[in-house]
Amino acid sequence: MLYDCAIIGGGPAGLNAALVLGRARRSVALIDNNRPRNAVTHASHGFITRDGVTPAEFRRVAYEEVLRYPSVHHLQTEVISVTKNESGFEVFDSSGLRVQARKLILAMGVKEIFPEIEGFYTFYGRSLFNCPYCDGWELRDQPLVLVSESPAIYHTAKLLLNWSKDLLVCTNGQAFLSDEQKERLQSKGVAVMEQPVAAFIGHHGQLEYVSFTDGTQVPRAGGFVTPQFVQSAPFGERLGCDRTESGGIQTDGAGRTSIPGVYAAGDSSYFMPSQLIFAAADGSRTAASVNQDLTEGDFNE
């Protein structure tokens with residue numbers, strides 16, 4: 001079977017793209033490995049009508065809605081390669097399954113690479129997070145820590161003051177903050193520590209202390225650790241898609257990449273802001289572009 005579109009990735013971007021294309025009566029292969037990046041999160045926020053939903057419940061409802069459309073087929077498998085051919089694209093999994101499609105949406109999302117700090121994963125998703133907009137409300141007015149090895153640390157620190165004035169900023173041994181920036185933060189009551197973080201300490205997922213390599217321990221109740229984002233799969237690069245400076249797949253703003261017939265949606269095309277509502281909206285917009293291009297191609301045959 002030659003599908004109108006194959007979508008790699010069953011997160012909010014891929015799901016919303018499948019929904020729009022299914023309603024447009026397009027045949028869709030929605031291919032997902034069932035390993036969502038936000039599975040560690042207890043609740044997702046900032047999506048109207050779904051604020052506080054668990055990732056598992058979000059996916060359950062989304063798949064239930066999407067698969068109401070008979071032309072959408074869900075394939076739970078791991079894609080290992082994608083090639084371009086005369087009719088469009090061929091997607092292969094490890095078992096030898098081959099999916100053929102006229103158009104291709106890359107919605108695999110990203111992977112997070114966090115600083116290697118002892119104890120981090122004990123607290124991640126429970127009292128340590130990476131997105132203030134997603135989890136800042138739950139940590140409001142508590143003594144917080146920000147650990148970041150990114151040049152954007154100053155901006156993030158200013159942002160976090162909206163949720164808590166009791167803030168410790170840690171550069172983990174990096175020197176991204178200028179003297180002026182450190183003075184400005186300290187004038188707002190923000191503590192700045194540039195020595196490397198040795199460990200996060202606490203019990204049952206609740207952070208209690210941040211420990212530094214010089215032996216200092218500072219009590220904290222929660223906070224945010226900034227990751228580096230990288231593509232979760234190399235298919236865009238292998239197909240020759242142009243990249244953004246941050247490593248995302250470059251699009252024209254409507255989901256089209258530099259390779260004809262290849263589209264990118266959600267976190268695959270932009271790394272931040274990394275929120276459900278942005279990814280879902282981008283999936284919808286990209287699906288409309290796919291449908292438009294299919295329509296024009298069929299009409300002009």
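Thresholds, definitions, all that
- Residues numbered from 1 in each chain as written.
- Predicted model: local features only at pLDDT ≥ 70, side-chain atom pairs only at ≥ 80, totals over all residues.
- Heavy atoms only, no water.
- Phe/Tyr/Trp six-rings, centres within 6.5 Å; stacked < 30°, edge-to-face > 60°.
- Lys NZ or Arg CZ within 6 Å of the ring centre and 35° of its normal.
- Buried < 20%, exposed > 50% of the residue type's maximum accessible area, 1.4 Å probe, protein only.
- Helix = DSSP H or I, 4+ residues; strand = E, 2+ residues; numbered from the N terminus.
- Pairing = 2+ DSSP bridges.
- Patch = residues over 30% accessible without salt bridge, like charges linked within 9 Å, V, L, I, M, F, W, Y side chains within 5 Å.
- Areas by Shrake-Rupley, 256 points an atom, 1.4 Å probe, with all protein chains shown as cover.
- Salt bridge = Lys/Arg side-chain N within 4 Å of Asp/Glu carboxyl O.
- Lys, Arg positive; Asp, Glu negative; His and termini not counted.
- Charge placed at Lys NZ, Arg CZ, Asp CG, Glu CD.
- Axes fitted to C-alpha atoms, helices over the stretch in contact; angles between N-to-C directions.
- Contact = heavy atoms within 4.5 Å.
- Expected span 1.5 Å × (residues − 1).
- Parallel < 35°, antiparallel > 145°, perpendicular 65-115°, else oblique.
- Left-handed = near helix turned anticlockwise from the far one by under 90°.
- Nonpolar A, V, L, I, M, F, W, Y, C, P; charged D, E, K, R; others polar.

Caption draft 1: The arrangement of the packing of aromatic side chains in detail. Enumeration according to the criterion identifies 10 aromatic pairs in this entry. Feature note: the residues F114, F120, Y121, Y124 and F200 constitute an aromatic cluster, connected by ring pairs. The ring of W137 is capped by R140, whose NZ or CZ atom sits 3.9 Å from the centre of that ring.

Caption draft 2: Structural view of the pairing of strand β7 (residues 110-113). Burial along β7 is one-sided: the face carrying V110 and E112 is buried and the face carrying K111 and I113 is not. With four bridges connecting them, β7 and strand β16 (residues 228-231) associate as antiparallel partners. Bridge pairing links V110 to Q231 in β16.

Caption draft 3: Molecular detail of a positive patch on the surface. On the surface, K158, K165, R184 and K188 cluster together into a positively charged patch. With respect to the helices and strands, R184 occurs in helix α6 (residues 179-187). The class of R184 is partly exposed, set by a relative accessible area of 44%.

Caption draft 4: Just the sheet that holds strand β13 (residues 206-212), in detail. The strand order across the open sheet formed by three strands is β12-β13-β14, and the pairing between neighbours is antiparallel. In the strand order of this sheet, the two ends are held by β12 (197-203) and β14 (217-219), each with one partner. When the angles between neighbouring strand axes are averaged without regard to direction, this sheet yields 25°. Note that β13 and β14 share three bridges and pair antiparallel. What sits directly across from Y209, in β14, is P219.

Caption draft 5: Up close: the sheet that holds strand β9 (residues 144-147). The sheet built from five strands is open, its strands ordered β8-β15-β9-β10-β11 with parallel pairing. Looking at which strands have only one partner, the edges of the open sheet turn out to be β8 (128-129) and β11 (191-193). The pairing of β9 with strand β10 (residues 167-170) spans four bridges and is classified as parallel. Following the sheet pairing, L144 is matched in β10 by L167. Sheet contacts for helix α5 (residues 153-160): β9, β10 and β15 (222-225); angle to β10, the most-contacted strand, approximately 170°.

Caption draft 6: Main features of helix α2 (residues 55-66). Its 12 residues give α2 an end-to-end C-alpha distance of 16 Å, which sits within 8% of 16 Å, the value for a rise of 1.5 Å per residue. Contacts made by the buried residues of α2 are with α1 (12-23), β2 (28-32), β3 (72-76) and α8 (276-299).

Caption draft 7: A nonpolar patch on the surface, seen in detail. A cluster of nonpolar side chains, I48, I277 and F278, forms an exposed patch at the surface whose accessible area comes to about 290 Å². Position of I48 among the secondary structure elements: in the loop between β2 and α2.

Caption draft 8: How the structure looks around the packing of α1 against α8. Following both chains from N to C, one finds α1 and α8 inclined at 40°, their axes separated by 7 Å at the closest point. Here α1 is positioned oblique relative to α8, judged by the angle of their axes. Judged by the sense of rotation from one axis to the other, the crossing of α1 with α8 is right-handed. Note on element contacts: α8 touches α1 through L276, A279, A280, G283, S284, A287, A288, V290 and N291, opposite P12, A13, N16, A17, V20 and L21. Residue composition of the contact of α1 with α8, by class: 11 nonpolar, four polar and no charged.

Caption draft 9: View of the environment of A281. Tracing the sequence through the fold places A281 in helix α8. Considered as a pair, A281 and P12 are 269 residues apart in the sequence and their alpha carbons are 8.5 Å apart.

Caption draft 10: Expanded view of the pairing of strand β4 (residues 79-85). Where β4 lies against strand β5 (residues 88-93), six bridges are found, and the strand directions are antiparallel. Paired with S81 across the strands is F92, a residue of β5. As consecutive antiparallel partners, β4 and β5 are separated by two residues.

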